[in-house]
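Residue-level listing of the chains:
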Amino acid sequence: MSKVTVVGAGNVGATCANVLAFNEVADEVVMLDVKEGVSEGKAMDMMQTAQLLGFDTKVVGCTNDYAKTANSDVIVITSGIPRKPGMTREELVGVNAGIVKTVAENALKHSPKAILVIISNPMDTMTYLALKELGLPKNRIIGMGGALDSSRFKYFLSQALGCNANEVEGLVIGGHGDTTMIPLTRFATYKGLPVTNFLSEEKLAEVAKSTMVGGATLTGLLGTSAWYAPGAAGAFVVESIIHNQGKMVPCSVYLEGEYGEKDICCGVPVILGRNGIEKIVELPLNDTEKEAFKASAAAVRKVNAGLKL
Ligand SMILES: NC(=O)C1=CN([C@@H]2O[C@H](COP(=O)(O)OP(=O)(O)OC[C@H]3O[C@@H](n4cnc5c(N)ncnc54)[C@H](O)[C@@H]3O)[C@@H](O)[C@H]2O)C=CC1
Ligand SMILES: O=C([O-])CC(=O)C(=O)O
């Protein structure tokens, strides 16, 4: 019997729960929100798609009732405010830090063995906060950003190549911010061949730029930040953990010397499995990429400095 709790049944949380149910990633998915009735309503709406879509996962909604989340294998945290057009993710730190800390503490009381997947922004700093405040081993605290950013990178690469996005591979490391993401164009491939064989340096720079501001572009179009790909990326990370898939996914994790950084959560490729982070993968970065990672970590560290730990 596998169980996942999604805290925050807003745009991202509800989409994540919906993808988890549709793909039957767990036997039970619980959504919890502070807004009276919203989780219950969304859960009922999703359950009314079960026979149309043919899934057996049970979706439960509750208003702030953490007892319903008891014995979850994974807890996904999406509670907090999203940005509006013109804002950065980092501006959300003041409000979201308190929310993330409180909900994580409440949820862990009922699921002391759970693995946490942090989505609320600014995600790298929220992951660091969870790491510092909750006393869990580092393999159980995973920030979701790189899975989404890499998916966007593959989308923009496929647009530039005029090909199917499923035939493109690529990784985005570094912070989950408009200026801190590092799309690794040098390692990206189309059918196993380096994309540098097909796209000019200028085109690749354009793809990297579109990836980095991917979230801001959607926020401008939607008036609030995106949810379909973020929710699906959250579910992808949960599935990799619950089904012990051993996939390599860039996630924000606590670094203790890897990539030359310490005492920070930042995006690097990790192997995900039943223990959460099974392994951090060290990529052979060149000097330019190493410099970019250093600058990205420095920017994340500046936001972390604003936390009251
Ligand atoms: N890491 C990533 O890749 C991404 C992160 N995000 C972040 O995810 C967060 C959620 O975004 P959306 O779902 O679009 O926002 P939303 O406003 O649609 O949903 C947030 C939900 O959290 C709930 N909430 C607030 N305080 C709570 C508490 N104490 N306990 C339980 N629930 C609480 C709200 O009632 C609301 O339903 C934002 O911080 C956003 O920036 C969004 C997309 C991607
Ligand atoms: O852009 C935002 O604020 C939400 C987010 O993290 C994303 O969609 O990448």
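Residues numbered from 1 in each chain as written. Chains lettered and ligands numbered in written order. Predicted model: local features only at pLDDT ≥ 70, side-chain atom pairs only at ≥ 80, totals over all residues.

In the annotation of an unreviewed UniProt entry, the entry for the protein reads Malate dehydrogenase, and the organism field reads Bacteroides coprosuis DSM 18011. Taken verbatim from the UniProt record of the protein, the Catalytic activity (unreviewed entry) comment is "(S)-malate + NAD(+) = oxaloacetate + NADH + H(+)". Turning to the protein, the UniProt record has this under Function (unreviewed entry): "Catalyzes the reversible oxidation of malate to oxaloacetate." (UniProt positions renumbered as here; feature names shortened; annotations may be inferred.)

Peer 1: I tried to follow the site of ligand 1 on my own but got confused; where do I start?
Peer 2: In the vicinity of ligand 1 lie 36 residues, with Gly8, Gly10, Ser79, Asn121 and Pro230 positioned nearest. It is helix H4 (residues 93–110) that provides the largest number of residues to the shell around ligand 1, a total of four residues. Considering only residue class, the shell around ligand 1 consists of 17 nonpolar, 15 polar and four charged. Inspection of the shell around ligand 1 shows a minimum of three residues originating in each of domain 1 (3–145) and domain 2 (146–304). (Near = placed C-beta within 6 Å. Helix = DSSP H or I, 4+ residues; strand = E, 2+ residues; numbered from the N terminus. Nonpolar A, V, L, I, M, F, W, Y, C, P; charged D, E, K, R; others polar. Domains from an automatic or database assignment.)

Peer 1: Would you take a moment to explain the UniProt feature "active site" (unreviewed entry) in the protein for this structure?
Peer 2: Here the UniProt-annotated "active site" (unreviewed entry) positions come out as His176. With respect to the helices and strands, the residue histidine 176 is situated in the loop between strand S8 (172–174) and strand S9 (181–183). The contacts of histidine 176, once residues within four sequence positions are left out, are Met123, Asp124, Gly145, Asp149, Met181, Ser252 and Gly267. (Contact = placed C-beta atoms within 7 Å.)

Peer 1: Whenever I open this one, helix H1 (residues 11–22) confuses me. Can you help?
Peer 2: Each full turn of the α-helix corresponds to 3.6 residues, which orients residues three or four apart in the same direction. Between its terminal C-alpha atoms H1 stretches 16 Å, which fits the 16 Å expected from 12 residues at 1.5 Å a residue. Within H1, 10 of the 12 residues are buried, leaving the element largely enclosed by the surrounding structure. Among the residues making up H1, those that are buried are Val12, Gly13, Ala14, Thr15, Cys16, Ala17, Asn18, Val19, Leu20 and Ala21. Along its buried surface, H1 packs onto strand S1 (3–7), strand S2 (28–33), helix H2 (38–47), strand S3 (58–63), strand S4 (74–77) and helix H9 (228–242). (Expected span 1.5 Å × (residues − 1). Buried ≥ 20, exposed ≤ 12 C-beta atoms within 10 Å, placed from the backbone.)

Peer 1: Just to check I follow, could you spell out the domain arrangement of the protein for this structure?
Peer 2: Much of the literature gives interface size as the accessible area that the parts lose upon coming together. By domain assignment, the protein separates into domain 1 (3–145) and domain 2 (146–304). Each of domain 1 and domain 2 has a C-alpha centre, and the two are 21 Å apart. Listed as interface residues are 39 residues of domain 1 and, on the opposing side, 40 residues of domain 2. Elements with a minimum of two residues in the side of domain 1 that touches domain 2: H1, S4, strand S5 (115–118), helix H5 (123–134) and strand S6 (141–143). Split by residue class, the side of domain 1 that touches domain 2 holds 22 nonpolar, nine polar and eight charged.

Peer 1: Just checking my understanding: could you explain the confidence of the model for the protein for this structure?
Peer 2: Detailed reading of the predicted model is not advised wherever pLDDT is low. Chain-level pLDDT for the protein is 98 on average; 100% of the residues reach the 70-or-more range. Both confidence scores are given for the complex: pTM 0.99, ipTM 0.99. (pLDDT = per-residue confidence, 0-100.)

Peer 1: Just to check I follow, could you spell out the UniProt feature "domain: Lactate/malate dehydrogenase N-terminal" (unreviewed entry) in the protein for this structure?
Peer 2: UniProt marks residues 3–143 with the feature "domain: Lactate/malate dehydrogenase N-terminal" (unreviewed entry), using the numbering shown here. Secondary structure content for residues 3–143 is 40% helix and 20% strand, while the C-alpha to C-alpha distance between its ends is 19 Å.

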